[in-house]
Amino acid sequence: MSENSDDPLEPTLERVLELDIVVDDPIDVGETGNGRRRIVRIESGTVSGRVSGEILPGGADYQLFRVNRPTELVAKYAFETDDGERVYVENEGIRYAPPEVKERLRDGKPVDPDDVYMCATPTFETAAPDLQWLTQRVFVATGTRQPNGVRLAVYQVG
C-alpha cells in the first residue's frame, strides 16, 4: 500500500493518532468454554497526533484469551482533547502469538513485540464539530503490549 500509487483502488494509510493507554491488573472471570474471559480496566493515558489529549478512566478491554487461537479484544473507553472535547472509542481486534508467548503476555511478562500480531479497527463517536472527521472515516490500528498497558498507532484508510 503506497501513498504514491497510480491505482485509484489501492488504499493508502495515514498515521493520525497514537494512544498510550495505562491499564490496571486484569479481572479474571475464568474459563468460560469459549476461552478465558478477562476484563482489563483502563486507568489513564495520552493521545497524540492530529488530536492531543488524555485517556479518561472508566473504560475497559474485554478480552477472550485463547491459547491456540487469536485473543479477541474489545476495548471501550473515552478520551478528552486538550480543547475539552470528548471522544468515545470502540476498538475491536485480535492479538495472536505462539502459545508460549501468549502465556507470557497473559502473565504480564515482557515479550518481544515482533513475536505478537496485534491489529484492530477503532471507531469513534463525538459531538465536537471539529472532530467529525473521526466519525466519517475507516481506521485501522496496530499495537504493542507495554509493561503497564498498550500503545496503539491509528491509521486512517484513504
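Just above sits the structure.
Here we summarise the structure given alongside this text.

What counts and what doesn't
- Residues numbered from 1 in each chain as written.
- Predicted model: local features only at pLDDT ≥ 70, side-chain atom pairs only at ≥ 80, totals over all residues.
- Heavy atoms only, no water.
- Helix = DSSP H or I, 4+ residues; strand = E, 2+ residues; numbered from the N terminus.
- Rg over C-alpha atoms; globule rule 2.2 N^0.38 Å.
- Buried < 20%, exposed > 50% of the residue type's maximum accessible area, 1.4 Å probe, protein only.
- Contact = heavy atoms within 4.5 Å.
- Areas by Shrake-Rupley, 256 points an atom, 1.4 Å probe, with all protein chains shown as cover.
- Lys, Arg positive; Asp, Glu negative; His and termini not counted.
- Charge placed at Lys NZ, Arg CZ, Asp CG, Glu CD.
- Pairing = 2+ DSSP bridges.
- Arc of directions from axis to C-beta.
- Salt bridge = Lys/Arg side-chain N within 4 Å of Asp/Glu carboxyl O.
- Core = buried A, V, L, I, M, F, W, Y, C linked by side-chain atoms within 4.5 Å.
- Polar contact = N/O pair within 3.5 Å; in protein donor to acceptor, adjacent residues only side chain to side chain.

### So, the overall build of the protein chain
From N to C terminus, the protein chain includes 1 helix and 10 strands. Here the C-alpha radius of gyration of the protein chain, 16 Å, is about what a compact globule of 158 residues would show, namely 15 Å. Looking at the 158 residues of the protein chain, the share that counts as buried comes to 37%. Within the protein chain, contacts between residues at least 6 apart in sequence are counted, and of these 48% link residues at least 24 apart. Here the protein chain has roughly 9,000 Å² of accessible surface; of this, 47% comes from carbon and sulfur atoms. Between the centroid of the 18 positive side chains of the protein chain and the centroid of its 29 negative side chains there is a distance of 8 Å.

### Some remarks on the pairing of strand β10 (residues 149-157)
The buried count for β10 comes to 7 of 9 residues, which makes it a mostly enclosed element. Summarising the sheet, strand β1 (residues 13-23) and β10 pair through 9 bridges and their orientation is antiparallel. By the bridge assignment for β10, Leu-17 is matched with Val-154. Here strand β9 (residues 138-146) runs beside β10; their pairing, made up of 9 bridges, is antiparallel.

### Concerning the side chain of Gln-156
Looking at where Gln-156 falls in the secondary structure, it is placed in strand β10. Residue class for Gln-156 comes out buried when judged on its relative accessible area of 13%. Discounting residues that sit within four places of it in the chain, Gln-156 has contacts with Thr-12, Leu-13, Glu-14, Val-16, Arg-50, Trp-133, Arg-137, Val-138 and Phe-139.

### Side note on helix α1 (residues 99-106)
Of the residues making up α1, those classed as buried are Val-101, Lys-102 and Leu-105. An end-on view of α1 places all buried positions within 100 degrees of arc, on one side of the element. Structurally, α1 contributes buried residues whose contacts are with β5 (59-65), β6 (71-81), β7 (86-96) and β9.

### What to know about the pattern of salt bridges
Oppositely charged side chains may form a pair once their charged atoms are brought near each other. Within this structure, the stated rule accounts for 8 salt bridges. Note that Arg-15 and Glu-18 form a salt bridge whose closest N and O atoms lie 2.7 Å from each other. On the accessibility criterion, Arg-15 (46% relative accessible area) is partly exposed. Across the pair Glu-80 and Arg-86 runs a salt bridge whose closest N-O atoms are separated by 2.8 Å.

### With respect to the side chain of Asn-91
Looking at the secondary structure, you find Asn-91 in strand β7. When its relative accessible area of 7% is taken as the criterion, Asn-91 is described as buried. Non-local contacts of Asn-91, meaning those with residues more than four positions away in its chain, are made with Leu-73, Val-74, Ala-75, Tyr-77, Ala-120, Thr-121, Pro-122 and Leu-152.

### A word on the nonpolar core
Membership of the largest hydrophobic core comes to 27 residues, with the highest contact counts inside it found for Leu-17, Leu-19, Ile-21, Tyr-77 and Phe-124. Elements with a minimum of two residues in this core: β1, β3 (36-49), β6, β7, β8 (117-126), β9 and β10. In terms of residue count, β1 provides more of this core than any other element does, 5 residues in total. Beyond its immediate chain neighbours, meaning those up to four positions away, Tyr-77 contacts Leu-19, Ile-21, Ile-42, Ile-55, Gly-59, Val-87, Tyr-88, Val-89, Asn-91 and Leu-152.

### Some remarks on the environment of Glu-90
Examined against the element boundaries, Glu-90 turns out to sit in strand β7. Glu-90 gets classed as partly exposed once you look at its relative accessible area, which sits at 26%. Put simply, Glu-90 and Asp-61 are 29 residues apart on the chain and 9.6 Å apart in space, counted from C-alpha to C-alpha. If near-sequence neighbours (up to four positions away) are discounted, Glu-90 is found in contact with Ala-75, Lys-76, Thr-121, Pro-122 and Thr-123. Side-chain polar atoms of Glu-90 contact the side chain of Tyr-88, separated by 2.7 Å.

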